[in-house]
Every structure is written in structure tokens, then in C-alpha cells.
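Architecture at a glance
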Amino acid sequence: ERSLFISGPNGGGKTIAMKSFGLVALMNKLGIPIPINKHSKQRSRVDFFREIFIELGDNQNIINGESTYTVRMNALSALLKKI
């Protein structure tokens with residue numbers, strides 16, 4: 001099985017990329033052709049995913065003494081355990 005992790009700075013386009021991937025996957029599933037570019041007659045290759053996990057937001061836990069980094073690492077650990 002393959003996995004894809006997307007990370008980057010705030011404002012780096014991660015959310016737009018996830019929305020675009022979802023839209024393209026849905027359109028392909030419905031049989032709507034997805035052109036590679038406007039002048040191409042080739043169809044794109046779209047992989048299907050069994051599951052998509054997304055971790056969003058800043059869930060700082062100051063009361064328990066956890067920094068944003070610690071909370072992020074715990075969330076990543078929980079995601080990896082699901083795979």
C-alpha cells in the first residue's frame with residue numbers, strides 16, 4: 001500500500017490541494033474526463049484511496065503543558081497508527 005503525506009507552511013496551499021484531489025477523484029469516479037491540459041486529448045491517471053486522513057487546526061493544550069509541536073506530533077502518531 002502507498003501513502004501520501006502533505007505538509008508545508010501556513011498559506012502553502014495544502015487545503016486547496018486536498019480539495020482539488022477530492023474533486024478530481026469524484027469527477028473521475030463519475031466518468032467525467034479530466035484532461036491533462038486544455039489542448040490534450042489524453043486522460044489523466046487518478047488513483048483511488050481507501051481512506052483519507054486529515055489533521056487540521058491548532059489544538060494547543062496549555063492546561064496539560066503541551067506545546068503546539070507536541071500536539072501535532074501526537075496527532076501525527078495517531079494518524080500513523082491508523083494506517
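As a starting point, this report considers the structure included with it. (Residues numbered from 1 in each chain as written. Predicted model: local features only at pLDDT ≥ 70, side-chain atom pairs only at ≥ 80, totals over all residues. Heavy atoms only, no water.)

Topic: the overall build of the protein chain
Looking only at helices and strands, one finds 2 helices and 0 strands in the protein chain. Sorting the 83 residues of the protein chain into buried and exposed places 10% on the buried side. The contacts in the protein chain between residues at least 6 apart in sequence include a share of 25% that link residues at least 24 apart. Accessible area for the protein chain stands at about 7,400 Å²; split by element, carbon and sulfur atoms hold 58% of it. (Helix = DSSP H or I, 4+ residues; strand = E, 2+ residues; numbered from the N terminus. Buried < 20%, exposed > 50% of the residue type's maximum accessible area, 1.4 Å probe, protein only. Contact = heavy atoms within 4.5 Å. Areas by Shrake-Rupley, 256 points an atom, 1.4 Å probe, with all protein chains shown as cover.)

Quick word on helix H2 (residues 68-82)
Here H2 is 15 residues long and its end C-alpha atoms lie 21 Å apart, about the 21 Å a rise of 1.5 Å per residue gives. Within H2 the residues assigned to the buried category are Val-71, Ala-75 and Leu-79. Down the axis, H2 shows its buried residues gathered within 75° of arc, on one side only. More than 90 degrees from the buried face of H2, the exposed residues found are Tyr-69 and Lys-81. (Expected span 1.5 Å × (residues − 1). Arc of directions from axis to C-beta.)

Regarding helix H1 (residues 14-29)
Between its terminal C-alpha atoms H1 stretches 23 Å, which fits the 22 Å expected from 16 residues at 1.5 Å a residue. The first or second residue beyond H1 is Gly-31, which carries a positive phi of 90°.

A look at the environment of Lys-82
Within the secondary structure layout, Lys-82 lies in helix H2. Once the C-alpha coordinates of Lys-82 and Glu-51 are considered, the two residues, 31 residues apart in sequence, prove to be 10.0 Å apart.

Observations regarding a nonpolar patch on the surface
Together, Phe-5, Tyr-69, Met-73, Leu-76, Leu-80 and Ile-83 make up a nonpolar patch on the protein surface, roughly 620 Å² of accessible area in all. Looking at the element boundaries, Ile-83 is found in the segment after H2. A residue is classified by how much of its surface remains accessible, and Ile-83, at 56% relative accessible area, is exposed. (Patch = residues over 30% accessible without salt bridge, like charges linked within 9 Å, V, L, I, M, F, W, Y side chains within 5 Å. Salt bridge = Lys/Arg side-chain N within 4 Å of Asp/Glu carboxyl O.)

Some thoughts on the environment of Met-27
For Met-27, the location among the structural elements is in helix H1. Along the chain, Met-27 and Val-46 lie 19 residues apart, while their C-alpha atoms are 10.0 Å from each other.

What is shown is where atoms sit, not what they do.
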